[in-house]
Amino acid sequence: MKTLAKIASSGQVDMSCIAERLEADLSSYLRKADHNLRVSALSALATLVETGRLAGDPEVLVKNVSGLISDADVPLASSSIHVLCSLMSMRGKQSVEVVVHHAQPMVLALIRSPLVQGTLAEPLQAFFSSLASLLTVKRCQELLALVEQIGAEPGAKQQVRKTAAKCIASVCQSSKGKGSKSADYAARSVEAASSGAVSYTHLRA
């Protein structure tokens, strides 16, 4: 896998004849119990995505990469989110539906984790920024509502509220409706979370 990744990153060899089979095999390795195998497979897939060598429908890749997004393995979750961000950057709107269907629920669940601090906060923000940049204004509003619900849950920890606020800010910055209103909305979200507000509803005003 490391050798194939190096070949792909060199850009000097046409791998189109094995691309689809390679992606399918690497994606299947993400479901294996062997941690080192999953790490190597994810790294190789990241190279294929970043070099634009990913062939065909990315749904299988997104589905299996999304399965690695949990607080059980923070470094692997961070790398998985990075792969998804790269995919959205390379494939644009072609990747939106599969990312929303498979990855978004996993990422939203991750916001609730008390382990989401320095290591994962930044990848989470990058994910929401990448996704929001591809969504319509209406769907950005729906995404905001989902994140708001997490931050406003009764008994939500301070860290969870802060993470939710940061993700809200990322959506606002990248959404189609960005501007002074969005910037103000994001600023008030962060302030509300920091002060321990129990509801974000008033921030829609």
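### Considering the overall build of the protein
The helix and strand tally for the protein stands at 10 helices and 0 strands. Reading the helices (α) and strands (β) of the protein from amino to carboxyl end gives α-α-α-α-α-α-α-α-α-α. The buried share among the 205 residues of the protein stands at 48%. Taking the intrachain contacts of the protein between residues at least 6 apart in sequence as the baseline, contacts between residues at least 24 apart amount to 68%. Carbon and sulfur atoms form 53% of the exposed surface of the protein, whose accessible area is close to 10,200 Å².

### A closer look at helix α9 (residues 158–174)
Along its 17 residues, α9 runs 25 Å from first to last C-alpha, staying within 8% of the 24 Å computed at 1.5 Å per residue. Within α9, 12 of the 17 residues are buried, which leaves it mostly tucked inside the rest of the structure. Taken residue by residue, α9 has Val160, Arg161, Thr163, Ala164, Ala165, Cys167, Ile168, Ala169, Ser170, Val171, Cys172 and Ser174 as its buried positions.

### Regarding the packing of helix α8 (residues 137–151) against α9
In the contact formed by α8 and α9, the axes pass within 8 Å of each other and the chain directions differ by 170°. On the basis of the axis angle, α8 is roughly antiparallel to α9. Residue-level inspection shows Cys140, Leu143, Leu144, Val147, Glu148, Ile150 and Gly151 of α8 in contact with α9, the latter providing Val160, Arg161, Ala164, Cys167, Ile168, Val171 and Cys172. Residue classes in the contact of α8 with α9 are distributed as 11 nonpolar, 1 polar and 2 charged.

### Focus on the pattern of salt bridges
Note that side chains of opposite charge can pair when their charged atoms are close. On inspection of all chains with the given rule, the structure shows 3 salt bridges. Among the salt bridges present, the one from Arg139 reaches Glu97, with a minimum N-O distance of 2.6 Å. Placement of Arg139 in helix α8 and of Glu97 in helix α6 (residues 96–111) is noted, with a sequence separation of 42 residues between them. The exposure class assigned to Arg139 is partly exposed, which follows from its relative accessible area of 28%. Using a relative accessible area of 48% as the deciding quantity, one classes Glu97 as partly exposed.

### Regarding the packing of α6 against α8
α8 packs onto α6 with a crossing angle of 20° between their chain directions and a minimal axis gap of 10 Å. Judged by the inter-axis angle, α6 sits roughly parallel to α8. Read as a crossing pair, α6 and α8 show a hand that is right-handed. Here Val96, Glu97, Val100, Gln104, Leu108 and Ile111 of α6 lie close against α8, whose contacting residues are Arg139, Leu143, Leu146, Val147 and Ile150.

### Looking at the environment of Ala145
Along the chain, Ala145 turns up in helix α8. Residue Ala145 is classed as partly exposed on the basis of its relative accessible area of 28%. Sequence separation of Ala145 and Ile168 is 23 residues, and the distance between their C-alpha atoms is 9.2 Å.

### Observations concerning the nonpolar core
Within the largest apolar cluster, 57 residues are counted, with the highest numbers of intra-cluster contacts made by Leu61, Ile111, Phe127 and Phe128. The contact partners of Phe127, leaving out residues within four places of it in the chain, are Ile81, Leu84, Cys85, Met88, Val99, Ala103, Gln104 and Val107.

### Section: the confidence of the model for the protein
The predicted model of the protein has a mean per-residue pLDDT of 81, with 84% of residues at 70 or higher. Mean pLDDT per element in the protein: helix α10 (residues 180–194) is the minimum at 56, and α6 is the maximum at 93. Below a pLDDT of 50 lies the segment residues 198–205, which in the model reaches 22 contacts outside its immediate sequence neighbourhood of four places, other chains included.

How each quantity is defined
Residues numbered from 1 in each chain as written. Predicted model: local features only at pLDDT ≥ 70, side-chain atom pairs only at ≥ 80, totals over all residues. Heavy atoms only, no water. Helix = DSSP H or I, 4+ residues; strand = E, 2+ residues; numbered from the N terminus. Buried < 20%, exposed > 50% of the residue type's maximum accessible area, 1.4 Å probe, protein only. Contact = heavy atoms within 4.5 Å. Areas by Shrake-Rupley, 256 points an atom, 1.4 Å probe, with all protein chains shown as cover. Expected span 1.5 Å × (residues − 1). Axes fitted to C-alpha atoms, helices over the stretch in contact; angles between N-to-C directions. Parallel < 35°, antiparallel > 145°, perpendicular 65-115°, else oblique. Nonpolar A, V, L, I, M, F, W, Y, C, P; charged D, E, K, R; others polar. Salt bridge = Lys/Arg side-chain N within 4 Å of Asp/Glu carboxyl O. Left-handed = near helix turned anticlockwise from the far one by under 90°. Core = buried A, V, L, I, M, F, W, Y, C linked by side-chain atoms within 4.5 Å. pLDDT = per-residue confidence, 0-100.

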